[in-house]
Amino acid sequence: MAVSVDVVGKLVHIDAVFRDSSENVVAAPDGATYAWSVTAGSKFVTVEGTGPDNAVGKVTPVALGTATVSLTVSGGGLASPLTGTLEVVVLSMEPTSVE
């Protein structure tokens with residue numbers, strides 16, 4: 001499992017991307033449950049997006065600093081839970097124009 005980031009203004013969408021042993025992108029497991037959390041730096045960001053079929057985490061910066069966001073995927077026929085982490089650095093709270 002890999003994690004990719006798409007920044008839109010202040011809100012960051014984080015998508016879980018699943019790859020096989022050859023690094024080819026594969027479909028997410030049917031019936032998997034996703035648990036997004038902030039494991040470090042919770043005073044800098046909030047995260048939402050937990051439950052079945054919720055492969056997109058929504059991270060909202062609340063202050064300048066660095067946070068670690070984690071995703072655990074379980075169920076859906078997986079032999080054991082998959083866990084991935086991503087460091088999120090909030091450099092500015094100014095609105096950003098996206099073109």
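In case you missed it, the structure is sitting above this.
Bear in mind that the values here come from a model prediction, so they are computed numbers and not experimental data.

The rules we used
Residues numbered from 1 in each chain as written. Predicted model: local features only at pLDDT ≥ 70, side-chain atom pairs only at ≥ 80, totals over all residues. Heavy atoms only, no water. Core = buried A, V, L, I, M, F, W, Y, C linked by side-chain atoms within 4.5 Å. Buried < 20%, exposed > 50% of the residue type's maximum accessible area, 1.4 Å probe, protein only. Helix = DSSP H or I, 4+ residues; strand = E, 2+ residues; numbered from the N terminus. Contact = heavy atoms within 4.5 Å. Polar contact = N/O pair within 3.5 Å; in protein donor to acceptor, adjacent residues only side chain to side chain. Pairing = 2+ DSSP bridges.

A.B. asks: Can you tell me about the nonpolar core, naming the residues and giving the values?
C.D. replies: One finds Tyr34, Val45, Val69, Leu71 and Val73 to be the most contacted residues of the largest nonpolar core, which totals 15 residues. Put simply, the parts of the chain that give this core at least two residues each are strand E2 (11–19), strand E4 (32–40), strand E8 (65–75) and strand E9 (82–90). If sequence neighbours within four positions are ignored, Val45 has contacts with Val38, Val59, Thr60, Pro61, Val62, Ala67, Val69, Val88 and Val90.

A.B. asks: Please set out the side chain of Ser70 residue by residue, giving values where relevant.
C.D. replies: Mapping Ser70 onto the fold places it in strand E8. A residue is classified by how much of its surface remains accessible, and Ser70, at 8% relative accessible area, is buried. Separated by 3.2 Å, the side chains of Ser70 and Thr39 make a polar contact. Beyond its immediate chain neighbours, meaning those up to four positions away, Ser70 contacts Ala35, Trp36, Ser37, Thr39, Gly84 and Thr85.

A.B. asks: Now, about unusual backbone geometry: what can you tell me, with residues and values included?
C.D. replies: A positive phi angle is found at Glu23, which is not glycine, with a value near 70°. In this fold, Glu23 is placed in the loop between E2 and strand E3 (25–26). Residue Glu23 is classed as exposed on the basis of its relative accessible area of 53%.

A.B. asks: Talk me through the sheet that holds E9; I want residue IDs and the actual numbers.
C.D. replies: Spatially, E6-E4-E8-E9 is the arrangement adopted by the four strands of the open sheet, whose pairing is antiparallel. Each having just a single partner strand, strand E6 (51–52) and E9 make up the two edges of the open sheet. Direction of pairing for E4 relative to E6: antiparallel, over a ladder of two bridges. In the sheet register, Thr33 faces E6, and the bridge partner there is Pro52.

A.B. asks: Describe the environment of Val25, with residues and values.
C.D. replies: Mapped onto the elements of the fold, Val25 is located in strand E3. Since its relative accessible area comes to 56%, Val25 is described here as exposed. Setting aside residues up to four positions removed in sequence, Val25 forms contacts with Val17, Phe18 and Arg19.

A.B. asks: Provide a residue-level description of the environment of Gly41, including the pertinent values.
C.D. replies: Assignment of secondary structure puts Gly41 in the loop between E4 and strand E5 (45–48). Gly41 gets classed as partly exposed once you look at its relative accessible area, which sits at 24%. As for Gly41 and Thr68, which are separated by 27 residues in sequence, their C-alpha atoms are 6.5 Å apart. Apart from the residues lying within four places of it in its own chain, the contact partners of Gly41 are Thr66 and Ala67.

A.B. asks: Could you give an account of the pairing of E9, naming the residues involved and the relevant values?
C.D. replies: When E8 meets E9, the two strands line up antiparallel, connected through nine bridges. Note on E9: the bridge partner recorded for Val73 is Leu82. Between the antiparallel neighbours E8 and E9 lie six residues, among them Gly76 with a positive phi of about 60°.

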